[in-house]
Amino acid sequence: MIVNFTLNGEPANARVVSPVSLLDVLRDQIGLRGSKSACEQGECGSCSIVLDGDVVCACLVMAGDVEGSEVTTVEGISSGDVLNGVQAAMHEAGAVQCGFCTPGIVVTATDLFAANPHPSTGEIKSALAGNICRCTGYGAIVRALDSLAGRRS
Amino acid sequence: MAAAGQGATPLAGGTDLMVEVNFGHRRPDEVVALRRVDELASWDGNRIGAAVSWRRIERDGPRALAQAARTVGSPQIRNAGTIGGNLATASPAGDGHPFIVAVDASIELASTSGTRLVPWTEFFTGVKETSLRDGELVSAVELPEELPDRQEFAKIGVRNAMVIATVCVVVTRSDGKVTVGLGSVAPTPIRAHGAEEMISSINKPSESDLDEFQRLVSEEVRPITDHRSTEEYRRHAAGVLARRLLVRCLR
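In every chain, residue numbers begin from 1 and rise along the written sequence. Starting at A for chains and at 1 for ligands, labels are handed out in the order in which the entities are written. Confidence filtering applies because this is a predicted model: local features only for residues at pLDDT of at least 70, side-chain atom pairs given and counted only at 80 or more, and all residues used for totals across whole chains, interfaces and linings.

## Here we look at the overall build of chain A
Working step 1: The numbering of helices and of strands both runs from the N terminus, where a helix is a DSSP run of H or I of at least 4 residues and a strand a run of E of at least 2. Across its full length, chain A carries five helices and five strands.
Working step 2: Taken from N to C terminus, the helices and strands of chain A fall in the order β-β-α-β-β-β-α-α-α-α.
Working step 3: Relative to a compact globule of 153 residues, whose C-alpha radius of gyration would be 15 Å, chain A shows 15 Å and is just as compact.
Working step 4: Seen through its principal axes, chain A has C-alpha atoms that stretch 50 × 25 × 25 Å.
Working step 5: Whether a residue is buried, exposed or partly exposed is read from the other C-beta atoms within 10 Å of its own C-beta, which are placed from the backbone; 20 or more gives buried, 12 or fewer gives exposed, and intermediate counts give partly exposed. The burial tally for chain A puts 46% of its 153 residues in the buried class.
Working step 6: Here, residues touch in the contact sense if the C-beta positions derived from the backbone fall within 7 Å of one another. Within chain A, residue pairs in contact and separated by at least 24 positions form 59% of the contacts whose partners lie at least 6 positions apart. We take the radius of gyration over the C-alpha atoms and set the globule estimate at 2.2 Å times the residue count to the 0.38 power.

Structural data, given as structure tokens:
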């Protein structure tokens, strides 16, 4: 089947012949490799995307289920080379180690700040509970987002 | 509905099914996607549609069910996962189950020939087994008209987030009547009837009454030892949690 959906604001389609995840379609068919493929069971959050307004794991979305949906990936989160607030704050704070979890964290944190521009540290940590950083670089990530929320650390 | 009747696999939030697909354990030929079926996502008073997400329940649910929703997976999982999917999967560790059993909810099942309302006692039949027939979907959860005044949920796991319950419990109290719903301590969610009966007959339980209540809960559960915990620990923790929640309900 051909699945038509909106991807980062543009019309997109994918040919789906078997039950595959949206993550596989994004990475292998469409060539957007910002969403990372790691645990494939919704545990790590490195494939976080926004589907019809909600942050979800692309590995747990069946590609055939996005007909008519709006999908935003990390590639669609900034405008061109201009970093969004979360990206700029993480860049400034050096909140990246190996970088593998970074796209998922950017997507999740961007969603958090869109709904709540001044989250508490506790709210930041709760929002990121589904994004695992294997380098355990949480300190810098939370500091970056704390500063974006208006708190100096 | 007709597709489900012809053997298509129902897909709600995908948080269970897609894991099996990704790992090659299942390769459904036909899938019927329920995520955007409005009828299933409706929430009308005590009838919660099967496709209502944990995210919504976390926000709008009755106290102990909202507390349970808050412990389901991660924000991403709560955005996708649904109460109906939790029931249809029927994991012994399902976070929503202790509430369902503690308040004596029923599960609405739908097929092309209509709907039927099944009490939870008849819905759960074993580990990941239910009385769903071929061609039937979980369409809603029907809560009783009156919910208990006091209701508390707690869960033990090895982490604060993204954790499958080692034990999860709901205790309710209304006009002195206490109910105890437990998950992860038997093949299906269960009630601790002996403990309920003993404590419900006492107006103001003393410390020794609470000791006895805790002992009875630990005695009534039927846990196993597996990779997540041991039988002994689960037995102990079930009693401790139930007592702690009862004390909260008594305050």
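## Section: the sheet that holds strand β11 (residues 167-174) of chain B
Residue and element names in this part refer to chain B.
Working step 1: For two strands to be treated as a pair, DSSP must find no fewer than two bridges joining them. Here four strands make up an open sheet; going across it, the order is β10-β11-β12-β13 and the pairing antiparallel. Looking at which strands have only one partner, the edges of the open sheet turn out to be β10 (150-156) and β13 (190-191).
Working step 2: Here β11 pairs with strand β12 (residues 177-183) via seven bridges, running antiparallel. Paired with Ser-174 across the strands is Lys-177, a residue of β12.

## Notes on the interface of chain B and chain A
Buried accessible area, meaning the area lost when the parts come together, often serves as the stated size of an interface.
Working step 1: On the side of chain A, 21 residues touch chain B, which itself brings 21 residues to the contact.
Working step 2: Only α2 (17-22), β2 (31-33) and α6 (75-80) of chain B provide two or more residues apiece to the side of chain B that touches chain A.
Working step 3: Looking at which element gives the most residues to the side of chain B that touches chain A, the answer is α6(B), with five residues.
Working step 4: Looking at the side of chain B that touches chain A residue by residue, the classes come out as 12 nonpolar, seven polar and two charged. Here the nonpolar group is Ala, Val, Leu, Ile, Met, Phe, Trp, Tyr, Cys and Pro; Asp, Glu, Lys and Arg are the charged ones; every other residue, Gly included, is treated as polar.

## Some thoughts on the environment of Val21(B)
Working step 1: Structurally, Val21(B) can be placed in helix α2.
Working step 2: The class for Val21(B) is buried, based on 24 C-beta atoms found within 10 Å.
Working step 3: Sequence separation between Val21(B) and Glu196(B) is 175 residues; the distance between their C-alpha atoms is 42 Å.
Working step 4: Among all residues touching Val21(B), those that are not within four sequence positions of it are Pro19(A), Arg26(B) and Arg27(B).

## A closer look at the pairing of strand β5 (residues 106-111) of chain B
Residues and elements named next belong to chain B.
Working step 1: As paired elements, β5 and strand β6 (residues 114-119) share six bridges and run antiparallel to each other. Bridge pairing in β6 places Ile-107 opposite Val-118.
Working step 2: As consecutive antiparallel partners, β5 and β6 are separated by two residues.

## Here we look at the domain arrangement of chain A
Residue and element names in this part refer to chain A.
Working step 1: Boundary definitions for the domains trace back to an automatic or database domain assignment. What the domain assignment reports for chain A is domain 1 (2-75) and domain 2 (85-148).
Working step 2: Taking the mean C-alpha position of each, domain 1 and domain 2 sit 21 Å from one another.
Working step 3: Opposite the 12 residues of domain 1 that make contact, domain 2 presents 11 residues.
Working step 4: Ranked by the residues each element gives to the side of domain 1 that touches domain 2, the list is headed by strand β3 (residues 48-51), at three residues.

## What to know about the packing of helix α2 (residues 85-93) of chain A against helix α3 (residues 102-115) of chain A
All names here are of chain A.
Working step 1: In this description, a line fitted to the C-alpha atoms serves as the axis of each element, helices being fitted only across the stretch in contact, and the angle between N-to-C directions of two axes falls anywhere from 0 to 180 degrees. Where α2 meets α3, the closest approach of the two axes is 9 Å, and the angle between their N-to-C directions is 120 degrees. Relative to α3, the element α2 lies oblique. Along this stretch, α2 crosses α3, giving a crossing that reads as right-handed. The segment α2 lies against α3, with Gly-85, Val-86, Gln-87 and Met-90 engaging Val-106, Ala-109, Thr-110 and Phe-113.
Working step 2: Split into classes, the residues belonging to the contact of α2 with α3 amount to five nonpolar, three polar and no charged. We call two directions roughly parallel when the angle between them is under 35 degrees, roughly antiparallel when it is over 145, roughly perpendicular when it lies between 65 and 115, and oblique otherwise. Handedness of a crossing follows from how the near helix is turned relative to the far one, being left-handed for an anticlockwise turn of less than a right angle and right-handed for a clockwise one.

## Details of the domain arrangement of chain B
All names here are of chain B.
Working step 1: What the domain assignment lists for chain B is domain 1 (2-21 + 34-142) and domain 2 (150-250).
Working step 2: Taking only C-alpha atoms into account, the centre of domain 1 sits 23 Å from that of domain 2.
Working step 3: The interface of domain 1 with domain 2 comprises 21 residues on the first partner and 24 residues on the second.
Working step 4: Within the residue set of the side of domain 1 that touches domain 2, elements represented by two or more residues are α5 (63-70), α8 (97-102) and β7 (124-126).
Working step 5: Considering every element that reaches the side of domain 1 that touches domain 2, the biggest residue donor is α8, with five residues.
Working step 6: A per-class count over the side of domain 1 that touches domain 2 returns 12 nonpolar, seven polar and two charged.

## Concerning the confidence of the model for chain B
Working step 1: Values of pLDDT, the confidence the predictor places in each residue, fall between 0 and 100. Overall, the prediction assigns chain B a mean pLDDT of 95, with 98% of residues at 70 or greater.
Working step 2: The ipTM value of the predicted complex is 0.95, and its pTM value is 0.94.

## Re the nonpolar core
Working step 1: With 114 residues, the main nonpolar core has Val169(B), Val180(B), Ala238(B) and Ala242(B) as its most contacted residues.
Working step 2: With sequence-adjacent residues up to four places away left out, Ala242(B) is seen in contact with Val169(B), Val171(B), Val180(B), Ala192(B), Ala195(B), Gln214(B) and Val217(B). To count as a nonpolar core, a set of buried Ala, Val, Leu, Ile, Met, Phe, Trp, Tyr and Cys residues must be joined through C-beta atoms within 7 Å.

## Thoughts on the sheet that holds strand β9 (residues 137-142) of chain B
Sheets are built from strands that pair by backbone hydrogen bonding, the pairs being arranged parallel or antiparallel.
Residue and element names in this part refer to chain B.
Working step 1: Here we have five strands laid out as an open sheet, ordered β3-β4-β9-β5-β6, and antiparallel in their pairing. Among the strands making up the open sheet, the edge pair consists of β3 (43-44) and β6.
Working step 2: Relative to β9, β5 runs antiparallel, the two sharing five bridges. Within β9, the residue paired with Glu-108 across the bridge is Ala-140.

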